[in-house]
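Read off the chains here:
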Amino acid sequence: LQEVLPISVGTLSGYTGWILCVCVSKEFGVIVSGSDDDSCIIWDLNRLTYLRHLVHVDAVTCAAISPTWGDIVTFCRNESKKQNVLCLWTINGELIAQRTVKSRINCLLFTGAPEGSHRNVILCGTENGSVLILDALELSTIHTLRPPIFGSSPVPGGSTVGAAGNPSASTS
């Protein structure tokens, strides 16, 4: 953000709660921020002005912007239904897709390969240590990367991870 906004220029106001996440797209000239007041705001990066709200069912804790299309993915935990909800939006605030996932998501990232020759995905880091790889157009699951099971080693002759998360020498 330092290279985009080299000096302090002001404060963007619009929430009634704490801001929990912020992401910036230089490609599309927007800032997206999520709050514990169940909303996400899209801001104009160049004019530092409000553009639109994305309304959610609970606090928005993660967001990411596609460098290819400008689409926005957000995550919130619906506490009343005990559901983890991912939403995919256009940069204009239209909901494209929505789905639930098993684990809470801690971070999100769009890949930015040229469309047509590559398939862009959304990487989702979850609280259970897995990385979900989702289709960037519809949020369908492509693959799940899971961490090794405690006490086993993913590499023959490698070290194992004990229950406390500490490496131990392999006895093989």
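Above this text you will find the structure in question.
Attention in this report is confined to the structure presented alongside it. (Residues numbered from 1 in each chain as written. Predicted model: local features only at pLDDT ≥ 70, side-chain atom pairs only at ≥ 80, totals over all residues. Heavy atoms only, no water.)

1. Considering the packing of aromatic side chains
Within a pair of aromatic rings, the relevant descriptors are the distance that separates the centres and the angle that separates the planes.
Alright, step 1. Tallying each qualifying case throughout the model produces one aromatic pair.
Alright, step 2. A centroid spacing of 6.3 Å and a plane angle of 85° characterise the contact between Trp43 and Tyr50, whose relative ring orientation is edge-to-face.
Alright, step 3. In this structure Trp43 comes out as buried when scored by relative accessible area, which is 4%.
Alright, step 4. Judged by its relative accessible area of 43%, Tyr50 falls in the partly exposed class. (Phe/Tyr/Trp six-rings, centres within 6.5 Å; stacked < 30°, edge-to-face > 60°. Buried < 20%, exposed > 50% of the residue type's maximum accessible area, 1.4 Å probe, protein only.)

2. Considerations on the nonpolar core
Alright, step 1. Ranked by size, the top nonpolar core spans 17 residues in total, and within it Val73, Leu86, Leu108, Ile122, Cys124 and Leu139 carry the most contacts.
Alright, step 2. Residue assignment for this core shows that the elements contributing at least two residues are strand E5 (60-65), strand E6 (72-78), strand E7 (83-89), strand E8 (95-101), strand E9 (105-110), strand E10 (121-126) and strand E11 (131-135).
Alright, step 3. Examining the composition of this core, we find that three residues originate from one element, E9, more than from any other.
Alright, step 4. Among residues more than four places away in sequence, those in contact with Leu139 are Val73, Leu86, Cys87, Leu88, Ala97, Gln98, Arg99, Ile122 and Leu134.
Alright, step 5. Counting residues in hydrophobic clusters, the runner-up holds 16 residues, among them Cys40, Val60, Ile72 and Val85. (Core = buried A, V, L, I, M, F, W, Y, C linked by side-chain atoms within 4.5 Å. Helix = DSSP H or I, 4+ residues; strand = E, 2+ residues; numbered from the N terminus. Contact = heavy atoms within 4.5 Å.)

3. As for the side chain of Asn120
Alright, step 1. Locating Asn120 in the fold gives a position in the loop between E9 and E10.
Alright, step 2. In this structure the side chain of Asn120 is engaged in a polar contact, spanning 3.4 Å, whose partner is the backbone nitrogen of Gly112.
Alright, step 3. When near neighbours in sequence (up to four residues on either side) are disregarded, Asn120 contacts Thr68, Thr111, Gly112, Ala113, Glu115, Asp135 and Ala136. (Polar contact = N/O pair within 3.5 Å; in protein donor to acceptor, adjacent residues only side chain to side chain.)

4. A look at the environment of Ser25
Alright, step 1. As for its position among the elements, Ser25 is in strand E1 (residues 19-25).
Alright, step 2. For Ser25, a relative accessible area of 1% corresponds to the buried category.
Alright, step 3. Here the side chain of Ser25 touches Glu27 through a polar contact of 3.3 Å, side chain to side chain.

5. What to know about the pattern of salt bridges
Alright, step 1. Scanning the model with the defined rule gives six salt bridges in all.
Alright, step 2. The network of salt bridges with shared partners includes Arg77, Glu79, Lys82, Arg104 and Glu127. (Salt bridge = Lys/Arg side-chain N within 4 Å of Asp/Glu carboxyl O.)

6. Concerning the environment of Asp38
Alright, step 1. The residue Asp38 is located in the loop between strand E2 (30-35) and strand E3 (39-44) in this model.
Alright, step 2. The partly exposed category is assigned to Asp38, whose relative accessible area is 28%.
Alright, step 3. Taking C-alpha positions, Asp38 is 8.8 Å from Leu54, a pair spaced 16 residues apart along the chain.
Alright, step 4. If near-sequence neighbours (up to four positions away) are discounted, Asp38 is found in contact with Leu54, Val55, His56, Val57, Asp58 and Ala59.
Alright, step 5. Side-chain polar atoms of Asp38 contact the backbone nitrogen of Ala59, separated by 3.2 Å.

7. Focus: the sheet that holds E3
Alright, step 1. Pairing within the open sheet is antiparallel, and its four strands lie in the order E1-E2-E3-E4. Each having just a single partner strand, E1 and strand E4 (49-55) make up the two edges of the open sheet. If you compare each strand with its neighbour and ignore which way they point, the axes differ by 20° on average.
Alright, step 2. Judged from the six bridges that link them, E3 and E4 form a sheet pairing that is antiparallel. Counted as the bridge partner of Cys40 is Leu54 from E4. (Pairing = 2+ DSSP bridges. Axes fitted to C-alpha atoms, helices over the stretch in contact; angles between N-to-C directions.)

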